[in-house]
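Examination of the molecular architecture
Next come the chains, spelled out residue by residue.
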Amino acid sequence: MVTMSLPAVSSSAHAPFHVMAKAIGPICNLDCKYCFYLEKEQLYPNNEKWKMSDERLETFIRDYIAAQPGPEVSFAFQGGEPTLLGVDYFRKVVAFQKKHAGGKRIETAFQTNGTLLNDEWGEFLAENNFLVGLSIDGPEEVHDALRVDKKGRPTYKQVMQGLHYLRKHKVEFNTLTCVNAVTVQHPLKIYKFLKSIGSKYLQFIPIVEREVDTAAAKLGLDFAAPPDLENAPASKENPRMSEFAVPAEAYGEFLVKIFDQWVKRDVGKVYVQLFDNALQKWLGIPGGLCYFSETCGRALAMEHDGDVYTCDHFVYPKYKLGNLMNQSLGELADSPGARAFGEAKRSTLPKYCRECSVRFACNGECPKHRFTYTPDGEWGLNYLCPSYKRFFNHVRPAMEIMAQLYREQRPPAEVMQILPSAAGKEALKALARCLIGNRPATIRCAACLTRMHMIIGYAYEVPFNVNPRSTGNARGKACSS
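Here's what I pulled together on the structure shown here. (Residues numbered from 1 in each chain as written. Predicted model: local features only at pLDDT ≥ 70, side-chain atom pairs only at ≥ 80, totals over all residues. Heavy atoms only, no water.)

1. Digging into the layout of surface pockets
Of the voids in this model, the second largest pocket is the one considered here, and its volume is about 600 Å³. Forming the boundary of the second largest pocket are 27 residues, of which Arg210, Asp213, Ala225, Pro227 and Pro233 lie nearest the centre. Its residues assigned to classes, the lining of the second largest pocket comprises 17 nonpolar, 3 polar and 7 charged. (1 Å grid on protein atoms, 1.4 Å probe; cavity = no way out; pocket = protein on both sides within 12 Å on 5 of 7 lines; lining within 4 Å. Points joined across faces, edges and corners; volume = space filled by probe spheres on them. Nonpolar A, V, L, I, M, F, W, Y, C, P; charged D, E, K, R; others polar.)

2. Some details on the pattern of salt bridges
Any two side chains of opposite charge can pair if their charged atoms end up close together. Across all of its chains, the model carries 24 salt bridges by this definition. Glu209 is the salt-bridge partner of Lys368, the closest N and O atoms lying 2.6 Å from each other. Taken together, the positions of Lys368 in the loop between α13 (359-362) and β11 (372-373) and Glu209 in the loop between β6 (201-206) and α7 (214-218) put the pair 159 residues apart, joining distant regions of the chain. The burial state of Lys368 is the same as that of Glu209; both residues are buried. (Salt bridge = Lys/Arg side-chain N within 4 Å of Asp/Glu carboxyl O. Helix = DSSP H or I, 4+ residues; strand = E, 2+ residues; numbered from the N terminus. Buried < 20%, exposed > 50% of the residue type's maximum accessible area, 1.4 Å probe, protein only.)

3. Brief notes about the side chain of Thr183
Tracing the backbone shows Thr183 in the loop between β5 (173-179) and α6 (187-196). There is a polar contact of 2.8 Å between the side chain of Thr183 and the backbone oxygen of Cys178. There is a polar contact of 2.7 Å between the side chain of Thr183 and the backbone nitrogen of Asn180. Not counting chain neighbours up to four residues away, the residues in contact with Thr183 comprise Asp137, Val142, Cys178, Ile190 and Phe254. (Polar contact = N/O pair within 3.5 Å; in protein donor to acceptor, adjacent residues only side chain to side chain. Contact = heavy atoms within 4.5 Å.)

4. Overview of the side chain of Arg370
Secondary-structure assignment places Arg370 in the loop between α13 and β11. Here the side chain of Arg370 touches Asn363 through a polar contact of 3.1 Å, landing on its backbone oxygen. Among the polar contacts listed, one links the side chain of Arg370 to the backbone oxygen of Gly364, at a separation of 3.1 Å.

5. Focus on unusual backbone geometry
Keep in mind that most residues, glycine aside, have a negative phi and that most peptide bonds are trans. The omega angle of the peptide bond from Gly79 to Gly80 is 15°, so this bond is cis rather than trans. Position of Gly80 relative to the elements: it lies in the loop between β2 (72-77) and α2 (87-100). One non-glycine residue with positive phi stands out, namely Asn363, at about 55°. Note on placement: Asn363 falls in the loop between α13 and β11. Non-glycine residue Gln409 carries a positive phi angle of around 60°. The residue Gln409 is located in the loop between α14 (385-407) and α15 (415-418) in this model.

6. Some thoughts on α14
Maximum bend of α14: about 50°, positioned at Arg396, with proline Pro397 one to four residues after it. Just past α14, the residue Gln409 takes up positive phi, approximately 60°. (Bend = angle between axes of the 7 residues up to and from the residue.)

7. Considerations on empty space enclosed by the protein
What the rule picks out here adds up to 4 cavities of 30 Å³ or more. Considering the residues around the largest cavity, the lining is formed by 13 residues, among which Cys353, Cys356, Cys362, Gly364 and Cys385 are closest to the centre. Elements with a contribution of two residues or more to the lining of the largest cavity: α12 (351-354), α13 and α14. The leading source of residues in the lining of the largest cavity is α14, at 3 residues. Looking at the lining of the largest cavity residue by residue, the class counts come to 8 nonpolar, 3 polar and 2 charged. Within this model, the second largest cavity holds a volume of roughly 50 Å³. Lining the second largest cavity are Val208, Glu209, Arg210, Ala224, Ala225, Pro226, Lys368, His369 and Phe371. The class makeup of the residues in the lining of the second largest cavity is 5 nonpolar, 1 polar and 3 charged.

By themselves these figures say nothing about function.
Listed below in structure tokens is the structure:
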């Protein structure tokens, strides 16, 4: 066996960070029409060797474990399609993790299209407690509209066969569904389908791609490069969206329709990533999804050759931080480039966003999507702004109830008993009028706090008898509700 000489071990980073490892680069056996990552193949020479070498793989695993300041380390492999690397490759991943764990708890996940899964994969994934993210866009006619193979053929049946192996071997899995111009038209059909196949953890990812611009064309890419938030374009023309992109307003309606089903029937049974993150925001708990955080820069992407970028959505030469064979991951995560990138998410927010009533929940979303103008003409508004305003304002009353239940040490799922009541609906209307325009968990008047407790108490047919001023939430000044 050849002994490899690895670079010096990484020092611990000042705070936890995440690396999305693309050990196969952008190579995939499918050709989904909306995929933003397949084009990254154009950034490399024609004779590129796409599989991450053993030396780079071990360096990454050793460095990533050493750089994490906490006792737990979460690995995530994506692509492209990681199963193209084969089961034996991931056996090496597990072996390197055990070799360098140093007493830390290791978790591993990967995202797959599922078409190459079989019994061998199922046995391995189950034995090693991998969490699998399965990419599936809905029932057959919806999924097959855009998720096709290299010959343009449908893939639904192969994905469902892959799911069969996951379930057969009791592999923990969640589903990732892309919300594009087709899927956005079928929110409830997709939601019911995902539940029917046994998915308890759902992710919805909006597809927001523009037609190629000058910067991307020079790199041989198919979609526009991320916007320059420091410098507005010369023209204020509307962005030219790809034919697969989700419409700016439709994504919000998609989320609202699913939320209304979920909040009535499935709270505590089905976990929708975006809904969980929203409740976290209403509770004032830091962290959560990077694109809803105030700043970012702690979710890096690493290509097969060891190049590290500021983000999975920013794999462009301009956003390269360095290479793990030349600089440790801890240093790259804490580098000036990473810090500046993360801080720009906050510092480039337009005034329109800074003064928005749902900024606490949205924070301008992903900088990649900030390529439109505010109503008063300022550059850098998120393309999906109408959707997020619609969604976060719609869920506000229910989120306030769930947050209050949580503070009362009651399960947020009890919201399902509260919302259908007639008294609850009337109190919700009055409560919503008080809450609109305010930060989470801030109730402007004693009467509305009383309504909140009345709503919760209604489900139990018992009075709460809470003194609003004693909670520290109410300001004592009556509102017009």
